Amino acid sequence: MRGNSLSAREARLAFWMLAPTFLIVFAIVIFPVLANLWIAFKPVTLGDLRPPTPVVRERIRASPEAPGDVLRVRYQMRNSSQRIPIENVVLEDVLPEGLEPLRLDERCRVEGRTLRCFLGTWSPGHRENLELEFTATEVYFAQGAPRPTESRPAIQGRAPNILTNLEFTLENFRRVLSGPEFWPAFWTTIVYTLFGTVGSILLGLFAAQLLNTRFMGKGMLRGLFLFPYVAPIIAVAFTWAFLLDPLSGTVNALGVRFGLLEAPINFLGQRSIELSVLGVTFTLPLALSMVILFEAWRYFPFAFLFILARLQAIPQDMYEAADVDGASPFQKFWYITLPQLVGILSTLFLLRFIWTFNKFDDIFLLTGGAAGTKTLTIRVYDEAFARADIGAGAAVAVVLFLILAGFMVVYFRYAPEGE
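Thresholds, definitions, all that
Residues numbered from 1 in each chain as written. Predicted model: local features only at pLDDT ≥ 70, side-chain atom pairs only at ≥ 80, totals over all residues. Heavy atoms only, no water. UniProt positions renumbered as here; feature names shortened; annotations may be inferred. Domains from an automatic or database assignment. Helix = DSSP H or I, 4+ residues; strand = E, 2+ residues; numbered from the N terminus. Patch = residues over 30% accessible without salt bridge, like charges linked within 9 Å, V, L, I, M, F, W, Y side chains within 5 Å. Areas by Shrake-Rupley, 256 points an atom, 1.4 Å probe, with all protein chains shown as cover. Salt bridge = Lys/Arg side-chain N within 4 Å of Asp/Glu carboxyl O. Lys, Arg positive; Asp, Glu negative; His and termini not counted. Charge placed at Lys NZ, Arg CZ, Asp CG, Glu CD. Buried < 20%, exposed > 50% of the residue type's maximum accessible area, 1.4 Å probe, protein only. Arc of directions from axis to C-beta. Contact = heavy atoms within 4.5 Å. Phe/Tyr/Trp six-rings, centres within 6.5 Å; stacked < 30°, edge-to-face > 60°. Lys NZ or Arg CZ within 6 Å of the ring centre and 35° of its normal.

- Looking at an unreviewed UniProt entry, one finds the protein chain named ABC-type transporter, integral membrane subunit, with Marinithermus hydrothermalis as its source organism.
- Its UniProt record, at the heading Subcellular location (unreviewed entry), says of the protein chain: "Cell membrane".
- Per UniProt, the protein chain has the following entry under Sequence similarities (unreviewed entry): "Belongs to the binding-protein-dependent transport system permease family."

This is how it looks when you write it as structure tokens:
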């Protein structure tokens, strides 16, 4: 039969062997993306992650001294949520033996020693005091006059879960896209990503050209070039912050000592600075330029390794023929080297653009998003955790995802064939 053929059995075996991989990919890649999409369409805050519960506290307002006296109990109750109602709230408490109901709320009744109150639906933030009175009998005192607070009252209710219901809204996207901080953060992200990506590739290209020849100490220099990429981000970020510190930083100290700076500059805390070059005055976004410079410095080794490998694969015959034709070094670079590197450069640009667009830790460690360096990833953190608005944070993350998806579509549509 067809289902028992050798190819069918091999296909089933392959499926079951790959099934764990599919499950792992779904669990760590696809499920978080779907969960983020789900939350982005819901007005969820950090407080909503804790399910709303009815809360009760029991207090004794009057204690009996002799048989026939009144024992008054007050239950202070509230809805723990300020946004979500609780339905079918029921309070239960076990009373000491020997207490007879004197004045009960119409929603309460006593069965044996069990007090049960059906409190209905509580609106968000609902607060209520329930005061009940009982008459103490001789049996109560024969038991040692136990206090009702010795038994903890139980209260329960049913509340909808905002995360699991099927109500969706575009409110998060409306608030995020119409907010005053979104578009400045968007353009800051574009500038940071574009200049950081191009800077790291240009530095990598320069370093690869430098090491694409034989000289003494080449191996040691290659190792030094890799240091920014392999060093822990926390270490290099704080090293930069220390060097650029306006009070004790080495850069400011040397700049002032040799007359390059009139006064120390807060490189990572100053939004902009006026510069004059050849009589032309312009405003430089200082803190943003520093984080872009850090991005280019830290990640140029990644481009350097790829470009160097591609340079070493270019046939030397092409350069020898160019030498015979009398080509200058610039002409050889422009007409031979650069066309051979177009594929790897475009691939590096795609990868670095995506990674830099999603970059969070570098900027957060250097400036915390201050002084004009707040990117969309910092906005995700601010919305989700600083403002406790998880829905808005997820909406910003979805916008990030859509922008990168659009960029990838354009890249694969117009990327050089074969790369």
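**Here we look at the domain arrangement of the protein chain**
Turning to step 1, where the next piece is worked out: Domain boundaries in the protein chain define domain 1 (54-158) and domain 2 (179-388).
Turning to step 2, where the next piece is worked out: Taking only C-alpha atoms, the centre of domain 1 and the centre of domain 2 are 68 Å apart.

**A closer look at the UniProt feature "transmembrane region" (unreviewed entry) in the protein chain**
Turning to step 1, where the next piece is worked out: This chain's UniProt record puts "transmembrane region" (unreviewed entry) on residues 12-41, 185-211, 223-243, 333-351 and 393-414.
Turning to step 2, where the next piece is worked out: For residues 333-351, the end-to-end C-alpha separation is 24 Å, with 100% helix and 0% strand making up the annotated structure.
Turning to step 3, where the next piece is worked out: Note that residues 393-414 is 100% helix and 0% strand, and that its end C-alpha atoms are spaced 32 Å apart.

**Some words on a positive patch on the surface**
Turning to step 1, where the next piece is worked out: Residues Arg57, Arg59, Arg61, Arg78 and Arg127 make up a contiguous surface patch of positive charge.
Turning to step 2, where the next piece is worked out: The greatest single-element share of the positive patch, amounting to three residues, is contributed by strand S1 (residues 54-62).
Turning to step 3, where the next piece is worked out: Mapped onto the fold, Arg57 is located in strand S1.

**What about the UniProt feature "domain: ABC transmembrane type-1" (unreviewed entry) in the protein chain?**
Turning to step 1, where the next piece is worked out: Residues annotated by UniProt as "domain: ABC transmembrane type-1" (unreviewed entry) correspond here to residues 186-411.
Turning to step 2, where the next piece is worked out: End C-alpha to end C-alpha, residues 186-411 measures 20 Å, and it is 72% helix and 4% strand.

**Brief notes about a nonpolar patch on the surface**
Turning to step 1, where the next piece is worked out: Taken together, the side chains of Ile24, Val25, Phe26, Ile28, Val29, Ile30, Phe31, Val33, Leu34, Leu37, Phe401 and Leu402 define a hydrophobic patch exposed on the protein surface, amounting to about 1,100 Å² of accessible area.
Turning to step 2, where the next piece is worked out: Turning to its location among the elements, Ile24 is positioned in helix H1 (residues 6-40).

**Examining helix H6 (residues 233-243)**
Turning to step 1, where the next piece is worked out: Within H6 the residues assigned to the buried category are Ile233, Val236, Ala237 and Trp240. Buried positions in H6, seen along its axis, are confined to an arc of 100° and lie on one side of it.
Turning to step 2, where the next piece is worked out: Where the residues of H6 are buried, they touch helix H8 (286-312) and helix H11 (361-366).

**What about the environment of Asp323?**
Turning to step 1, where the next piece is worked out: Mapped onto the secondary structure, Asp323 falls in helix H9 (residues 316-324).
Turning to step 2, where the next piece is worked out: Expressed as a C-alpha distance, the spacing of Asp323 and Pro246, which sit 77 residues apart in the sequence, is 51 Å.

**Focus on the packing of aromatic side chains**
By convention here, two paired aromatic rings are described through the distance between centres and the angle between planes.
Turning to step 1, where the next piece is worked out: Applying the stated rule across the entire model yields 27 aromatic pairs.
Turning to step 2, where the next piece is worked out: Judged by centre distance (5.2 Å) and plane angle (75°), the rings of Phe15 and Trp16 are edge-to-face.
Turning to step 3, where the next piece is worked out: According to the relative accessible area criterion, Phe15 is partly exposed, its value standing at 45%.
Turning to step 4, where the next piece is worked out: Considering the side-chain rings of Phe225 and Phe300, the 5.9 Å spacing of their centres and the 75° angle between planes classify their relative orientation as edge-to-face. One end of the pair, Phe225, is in helix H5 (residues 218-230); the other, Phe300, is in helix H8, and 75 residues separate them in sequence.
Turning to step 5, where the next piece is worked out: Taken together, Tyr229, Tyr299, Phe302, Phe306 and Trp355 form an aromatic cluster joined through their ring pairs.
Turning to step 6, where the next piece is worked out: For the cation-ring pair, Lys42 lies above Phe168, with the distance from its terminal atom to the ring centre recorded as 4.5 Å.
Turning to step 7, where the next piece is worked out: Above the plane of the ring of Tyr299 lies Arg352, whose end atom (NZ or CZ) is 4.3 Å from the centre.

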